[in-house]
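Observations on the three-dimensional arrangement
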Amino acid sequence: MTLLEVCLDDVDGAPVAEAAGADRLELCAALGDGGITPSLGTVAAVFDRVHHVGVQVLVRQRPGDFVFSNAELEAMAADIRAIRALPRPENVRLGFVIGALTPAGTIDRAATERLVAVARDVPVTFHKAFDQTPDQLAALDQLVDLGIERVLTSGGAASALEGSARLAELVAHASGRIAVLAGGGVRPDHVQALVRTTGVREVHLRPGAAVPSAALASTIDASPTARSYDPGHRIATSGELVARMRAALDLTRASA
């Protein structure tokens, strides 16, 4: 079975994704800026609204590069402790998503060790900062040594489909020691081919769709600044796209 992880930043999207067939969520804030740590209230609200889907919480103190100061790492460690302490349904498996690099683009071992230690028994994923590493096979070995459970990657390409050859190489090199989660523009129309050619057993989907603003157009137009924060639409989780991806993955399993 190929696992489906859904990336989202809307609270209401969490039960939608679960009902549509997601196995796991990556919960973020501000995906328009590349994603940062969601608030404690957001995480708690998602825990209150799901029943069995796994919830991976992004821990990233700010947008921009992945070279973090000591103060930023302290903040991320504090976020991990606080999120671990939140009550959640018994069947909801918590995970954390992190990524820290040196100025040269290699894995920041000290920062990663620090965050993994704070996570304790909660599994940790290393996010697409991995794609910036100059030697991905060596970086994969380092993540195994650091106790990382999975790595989210497109193989360093603009999309997972374009990086399929490298993804296959990473899966082979991982040899079951760490999961390779394929992400980056993955869509239902090509996911079967992606899974077959790479051997990945997990895929990552951002099923965002534009929905109209809930505000009356007249209220937006009445303010000279409103359009700067409300363009008349926002991005929300599409249950239809999640369901299509789930169906495509189930067909891949049936034909295997």
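Up top you'll find the structure we're talking about.
The shown structure was predicted, so the numbers you read here are calculated from the model rather than taken from an experiment.

Our focus in this paragraph is the nonpolar core. If you look at soluble globular proteins, the nonpolar side chains tend to sit buried side by side. Grouped together as the largest cluster of nonpolar side chains are 67 residues, with contacts concentrated most on Leu25, Val55, Phe96, Phe126 and Leu143. Once residues lying within four places of it in the same chain are set aside, the contact partners of Phe126 are Ile98, Gly99, Ala100, Leu101, Ile107, Thr112, Leu143, Ile148, Arg150, Val151 and Leu152. One finds Cys7, Cys28, Leu58 and Val97 within the second-largest nonpolar core, a separate group that totals five residues.

In terms of residue burial, strand β7 (residues 179–183) counts as a mostly covered element, since four of its five residues are buried. As paired strands, strand β6 (residues 150–153) and β7 are joined by four bridges and run parallel to one another. Bridge pairing links Thr153 to Ala182 in β7. Bridge analysis of β7 against strand β8 (residues 202–205) gives three bridges, and the strand direction is parallel. Bridge assignment links Ala182 to a residue of β8, and that residue is Val203. This β-α-β element, β7 to helix α7 (residues 191–198) to β8, shows right-handed connectivity.

Buried within α7 we find Val191, Leu194, Val195 and Thr198. Along the long axis of α7, the arc covered by the buried residues comes to 95°, so they all point the same way. Residues Arg196 and Thr197 are exposed on α7 and point more than 90 degrees away from its buried face. Just downstream of α7 lies Gly199, where phi reads positive at about 85°.

This paragraph deals with the sheet that holds β6. Ordered by their spatial adjacency, eight strands build a closed barrel running β1-β2-β3-β4-β5-β6-β7-β8, and the pairing between neighbours is parallel. Each adjacent strand pair in this sheet contributes to an overall mean axis angle of 25°, direction not counted. The pairing of strand β1 (residues 3–8) with β8 spans four bridges and is classified as parallel. Paired with Leu3 across the two strands is Glu202, which belongs to β8.

Phi at Arg120 is positive, roughly 60°, even though this residue is not glycine. With a phi close to 50°, Ser175 is a non-glycine residue in the positive phi region. If you trace the backbone, Ser175 turns up in the loop between α6 (164–174) and β7. By relative accessible area, Ser175 is classed as exposed at 58%.

Thresholds applied
- Residues numbered from 1 in each chain as written.
- Predicted model: local features only at pLDDT ≥ 70, side-chain atom pairs only at ≥ 80, totals over all residues.
- Heavy atoms only, no water.
- Core = buried A, V, L, I, M, F, W, Y, C linked by side-chain atoms within 4.5 Å.
- Buried < 20%, exposed > 50% of the residue type's maximum accessible area, 1.4 Å probe, protein only.
- Contact = heavy atoms within 4.5 Å.
- Helix = DSSP H or I, 4+ residues; strand = E, 2+ residues; numbered from the N terminus.
- Pairing = 2+ DSSP bridges.
- Right-handed = clockwise from strand over helix to strand, strands pointing away.
- Arc of directions from axis to C-beta.
- Axes fitted to C-alpha atoms, helices over the stretch in contact; angles between N-to-C directions.

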